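Remarks on the overall topology
Residue strings, one per chain:
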Amino acid sequence: MRTCLLILPLLLAACGAEAPPPTAAQLEHHRPADARLAGLYERACFNCHSRAESTAPLTGHQAAWAPRLRRGMPALVASVKNGLASMPPMGLCPDCSDAELEQLTRFMSAPL
Ligand code: HEC
């Protein structure tokens, strides 16, 4: 019983608390496993989506991505293609295919 009482607050904290945004050090070496995708990410998306001073949702920051993901993947990919606020059309990746934009978005919106 005593062990249960000790564990309960930890469980509640794990379920209820929002994970903090990832740090610059965490994001520095976090890349898609696929080499081509990693190159596209590094050249384009990384420049905004890994910088805390940008208004972009940070890669791996669940709290920032959750409300966006609820609008569905096609809506998110459409935002990248058309541009959104300070994100330019194609997210500065003119040679990215629709499939690659979706794969990059999935990588960026997944927990770290
Ligand atoms: C020049 C900076 C910049 C670059 C480069 C950039 N983004 Fe963004 N991105 C942003 C900003 C800022 C937002 C938030 C816009 C808003 O909601 O006001 C954003 C939002 C998004 C969203 C959420 C769109 C929505 O409808 O909520 C997705 C998905 C996204 N970016 C994917 C990408 C991908 C994939 C790349 C690389 C191909 C990329 N971004 C490159 C700045 C950038």
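Per an unreviewed UniProt entry, the chain goes by the name C-type cytochrome and belongs to Paucibacter sediminis.

Moving on, we get to helix α7 (residues 98–109). Spanning 12 residues, α7 covers 16 Å between terminal C-alpha atoms, matching the ideal 16 Å at 1.5 Å per step. Buried within α7 we find Glu100, Leu101, Leu104, Thr105, Phe107, Met108 and Ser109. The inward-facing, buried residues of α7 contact α3 (35–43), α4 (46–49), α5 (62–69) and α6 (73–82).

As enumerated under the stated definition, the model contains one disulfide in all. Here cysteine 93 pairs with cysteine 96 through a disulfide, and the sulfurs are 2.0 Å apart. On the S-S bond that ties cysteine 93 to cysteine 96, the torsion sits near 80 degrees, and the link is right-handed. Looking at cysteine 96, the relative accessible area reads 6%, which means it is buried.

Our next topic: the site of the ligand. Around the ligand, the structure places 26 residues, and the nearest of them are Cys45, Cys48, His49, Arg71 and Met87. Between arginine 68 and the ligand, the recorded distance is 2.7 Å, taken from a side-chain N or O atom to an oxygen atom. For the ligand, an oxygen atom lies 2.5 Å from a polar atom in the side chain of arginine 71. At the level of secondary structure, the elements contributing two or more residues to the shell around the ligand comprise α4, α5, α6 and α7. The greatest single-element share of the shell around the ligand, amounting to four residues, is contributed by α7. For the shell around the ligand, the class distribution of residues is 18 nonpolar, six polar and two charged.

Rules of the game
- Position numbers for residues start from 1 in each chain and track the written sequence from start to end.
- Local features in a predicted model are, by the rule used here, given only for residues with pLDDT of at least 70; side-chain atom pairs are given and counted only at 80 or more, and totals for whole chains, interfaces and linings are based on all residues.
- Heavy atoms from the whole structure form the basis of all side-chain values; hydrogens and water molecules are not counted.
- By definition, any uninterrupted DSSP run of H or I lasting at least four residues is a helix, any uninterrupted run of E lasting at least two residues is a strand, and each is numbered from the N terminus.
- One fewer than the residue count of a helix, multiplied by 1.5 Å, yields its expected span.
- When a residue's accessible area, from a 1.4 Å probe over protein chains only, is under 20% of the maximum for its type it is buried; when over 50% it is exposed; and in between it is partly exposed.
- Any pair of residues with heavy atoms lying within 4.5 Å of one another is described as a contacting pair.
- The term disulfide is used for any two cysteine sulfur atoms that are within 2.5 Å.
- Nearness here has a simple test: a residue counts as near a molecule or strand if at least one of its heavy atoms is within 4 Å of that partner.
- We define a polar contact as two N or O atoms separated by no more than 3.5 Å, with the added condition that, inside protein, one atom must be a possible hydrogen donor and the other a possible acceptor, whereas residues neighbouring each other in sequence contribute only through side-chain atom pairs.
- Residue classes follow a fixed rule: Ala, Val, Leu, Ile, Met, Phe, Trp, Tyr, Cys and Pro count as nonpolar, while Asp, Glu, Lys and Arg count as charged, and any other residue, Gly among them, counts as polar.

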